[in-house]
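Here's the letter readout for the chains.
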Amino acid sequence: MKMGIKTYTFLRKIHLYASLSTVALLLMYLVTSYMMIYHSWFSSNDNQEQVLSVKVDPSEVSDDNWELFRNKHSIKGRQTREYLTESGDLYREYVGAGSNFKITIFDEKNEVKIKSVKRSLAGTIIGFHRLRGYGGPLQYNIYALLLDAVGLSLILFAITGVILWLKLLKNNKIAWTILISGFVYVSLIIGYLLFV
Amino acid sequence: MKKSLLIKLHLYSGLFTSFYLIAFGISAIILNHNIKVEKKDITHNWNTNIQVDTNLPNKELKEKIRDQLGLMGWTPPWEDKRDSTSFQFMITHTGRNYFLNLNLATGDLDISEAPKGIMAVIHGLHFFNGNIPNAPFFIRTWAVYQWLALFVMFISLFLGLWLWIKYNYKTWEGIAFGSLFIVSIIIMILL
């Protein structure tokens, strides 16, 4: 495979910058992946659960005043669900890395039930791994953008890494053995799951 | 340690995880954009007759049937539909859904297969730990590969950073990417 020095340098820059730009999230994903593999080591008993019933004036939970209500009751996170229950109550859910709020505004709008879960430190760290998607406050959208960058970086530095290796050590038998065995193994797993 | 040895270690560990990284990269983008990649089309129908005690509770009955048919997969209880004459349920794994309809009186069993497609399988590897009921040993080794791939990714990342800092560091890169690192941490704290 012939490659000019300019192309090689360009690919090396992509390889380097792809990893440098996402290193914080990559480290977080690597650490939390192990935490998820060994999830039984991290007890969910340390989560703080609370159910609160609040008497309200209907105007307090109107759309105009909803943000005030949220601030007053420290309801954090991004809204992930909203629907009317069969009994006509309004249900809203807010999810953040470290917390989860399930809110039921009863039909008469004079009572609100707030069920909150504040996760432990381990739960919060794992919560970062599970957060995804655009929408909601600015920081969630920036995080989603970073997540896209991580996805793209993973693909880019795997591909550029293999190309750079071909330039550097294309006659290295150990490298070829590792690459081919990795490819064969992953292909067999995918093939088996696909066809059996 | 010699530079050439560090480069080789970075390279070997990178090569070991390259396919895993690509699968995870694709999966991360699929998750972030909530893209539906799972195919639902039934591609194959077949039937057979089985001998099982149909008085068994749903869970045991499903597992007996699955084992008799030699299928691998989970049997999600929320997919069960049972009445006095028939029992419908699902067996599912990362790559395929099986929809089964058992005639409780005769033991006749209709099976419909819906492969999820290659994108769904690649995406599914993100959540896969090799632990599918009835899966062969070979599939269970994925847990070891996954563990090693993550570990090797750590090594590759640290070695890459070390090589950059030691031999290739430029001040503007340090400032730019250092700032991006700090911004990423601040964003995470704000979530």
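Keep in mind it's a predicted model, so treat the numbers as computed, not measured.

Got a sec to walk through the overall build of chain B? Specific residues and values, please.
If you tally the helices and strands in chain B, you get six helices and five strands. Each helix and strand of chain B, placed in order from N terminus to C terminus, yields the pattern α-β-α-β-β-β-β-α-α-α-α. Against the globule reference of 16 Å for 191 residues, chain B gives a C-alpha radius of gyration of 24 Å, more extended than a compact globule. The dimensions of chain B, computed from C-alpha atoms along their principal axes, are 75 × 35 × 30 Å. The long-range fraction of contacts in chain B, counting pairs at least 24 apart against all pairs at least 6 apart in sequence, stands at 52%. Just so you have it, chain B exposes about 10,000 Å², and 63% of that area is on carbon and sulfur atoms. On chain B, the mean spot of the 17 positive side-chain charges and the mean spot of the 13 negative ones are 18 Å from each other.

Summarise the interface of chain B and chain A; cite the residues concerned and give the values.
Residue-level contacts link 62 residues of chain B with 63 residues of chain A. Where chain B meets chain A, there are one salt bridge. Here B:E173 makes a salt bridge to A:K13, at a shortest N to O gap of 3.6 Å. Inspection of the chain B/chain A interface yields 14 residue pairs in polar contact (both at pLDDT 80 or more). Contributing elements (two or more residues each) for the side of chain B that touches chain A: α1 (3–32), β4 (96–103), α3 (118–124), α4 (137–140), α5 (142–168) and α6 (171–190) of chain B. Examining the composition of the side of chain B that touches chain A, we find that 18 residues originate from one element, α1(B), more than from any other. Split by residue class, the side of chain B that touches chain A holds 44 nonpolar, 14 polar and four charged.

Break down the pattern of salt bridges for me, citing the residues and quoting the values.
Once their charged atoms are close, side chains differing in charge can pair, the charge on each being opposite to the other. Residue and element names in this part refer to chain A. Under the criterion given, the structure shown has 12 salt bridges over all chains. The salt bridge involving D63 is made with R92; its shortest N-O contact spans 3.5 Å. Note that D63 is positioned in the loop between β1 (48–55) and α3 (66–72) and R92 in strand β3 (residues 90–95), a separation of 29 residues in sequence. A residue is classified by how much of its surface remains accessible, and D63, at 65% relative accessible area, is exposed.

Which residues make up unusual backbone geometry, and what values go with them?
You will see that A:S74, though not glycine, has its phi angle at about 50°, which is positive. One can find A:S74 in the loop between α3 and β2 (78–84). Despite not being glycine, B:N34 has its phi angle at roughly 50°, a positive value.

Break down the domain arrangement of chain B for me, citing the residues and quoting the values.
Entries for chain B in the domain assignment read domain 1 (3–35 + 143–190) and domain 2 (44–116). Computed from C-alpha atoms alone, the centre-to-centre distance between domain 1 of chain B and domain 2 of chain B is 44 Å.

How would you summarise the sheet that holds β2(A) if you had to cite specific residues and measurements?
All names here are of chain A. Pairing in this open sheet of five strands is antiparallel, and the strands run β1-β5-β4-β3-β2 from one edge to the other. Whereas interior strands pair on both sides, the edge strands pair on one side only; in this sheet they are β1 and β2. Recorded for the sheet is a direction-independent mean angle of 15° between the axes of neighbouring strands. In terms of strand pairing, strand β4 (residues 99–105) meets strand β5 (residues 111–118) through seven bridges, oriented antiparallel. Within β5, the residue paired with I105 across the bridge is V112.

Go over the packing of helix α2 (residues 23–37) of chain A against helix α5 (residues 138–169) of chain A with me, naming the residues and quoting the values.
Residues and elements named next belong to chain A. Contact pair α2 / α5: the axes reach a minimum separation of 10 Å and the direction vectors enclose 85°. The angle between the axes of α2 and α5 places the two elements in the roughly perpendicular class. In this structure, α2 contributes L25, L26, M28 and Y29 to the contact, and α5 contributes Y143, L146, L147, V150, L154 and F157. Residue composition of the contact of α2 with α5, grouped by class: 10 nonpolar, no polar and no charged.

Explain the nonpolar core to me, and be specific about the residues and the numbers.
In terms of nonpolar packing, the biggest core is built from 52 residues, with A:Y143, A:L193 and B:W142 touching the most fellow members. Beyond its immediate sequence surroundings of up to four residues, B:W142 is in contact with A:Y185, A:V186, A:I189, B:Y20, B:L125, B:F128, B:N129 and B:G130. Core analysis: the next-biggest nonpolar cluster, separate from the first, contains 14 residues, B:I50, B:L61, B:L69 and B:F87 among them.

Definitions and cut-offs
Residues numbered from 1 in each chain as written. Chains lettered and ligands numbered in written order. Predicted model: local features only at pLDDT ≥ 70, side-chain atom pairs only at ≥ 80, totals over all residues. Heavy atoms only, no water. Helix = DSSP H or I, 4+ residues; strand = E, 2+ residues; numbered from the N terminus. Rg over C-alpha atoms; globule rule 2.2 N^0.38 Å. Contact = heavy atoms within 4.5 Å. Areas by Shrake-Rupley, 256 points an atom, 1.4 Å probe, with all protein chains shown as cover. Lys, Arg positive; Asp, Glu negative; His and termini not counted. Charge placed at Lys NZ, Arg CZ, Asp CG, Glu CD. Salt bridge = Lys/Arg side-chain N within 4 Å of Asp/Glu carboxyl O. Polar contact = N/O pair within 3.5 Å; in protein donor to acceptor, adjacent residues only side chain to side chain. Nonpolar A, V, L, I, M, F, W, Y, C, P; charged D, E, K, R; others polar. Buried < 20%, exposed > 50% of the residue type's maximum accessible area, 1.4 Å probe, protein only. Domains from an automatic or database assignment. Pairing = 2+ DSSP bridges. Axes fitted to C-alpha atoms, helices over the stretch in contact; angles between N-to-C directions. Parallel < 35°, antiparallel > 145°, perpendicular 65-115°, else oblique. Core = buried A, V, L, I, M, F, W, Y, C linked by side-chain atoms within 4.5 Å.

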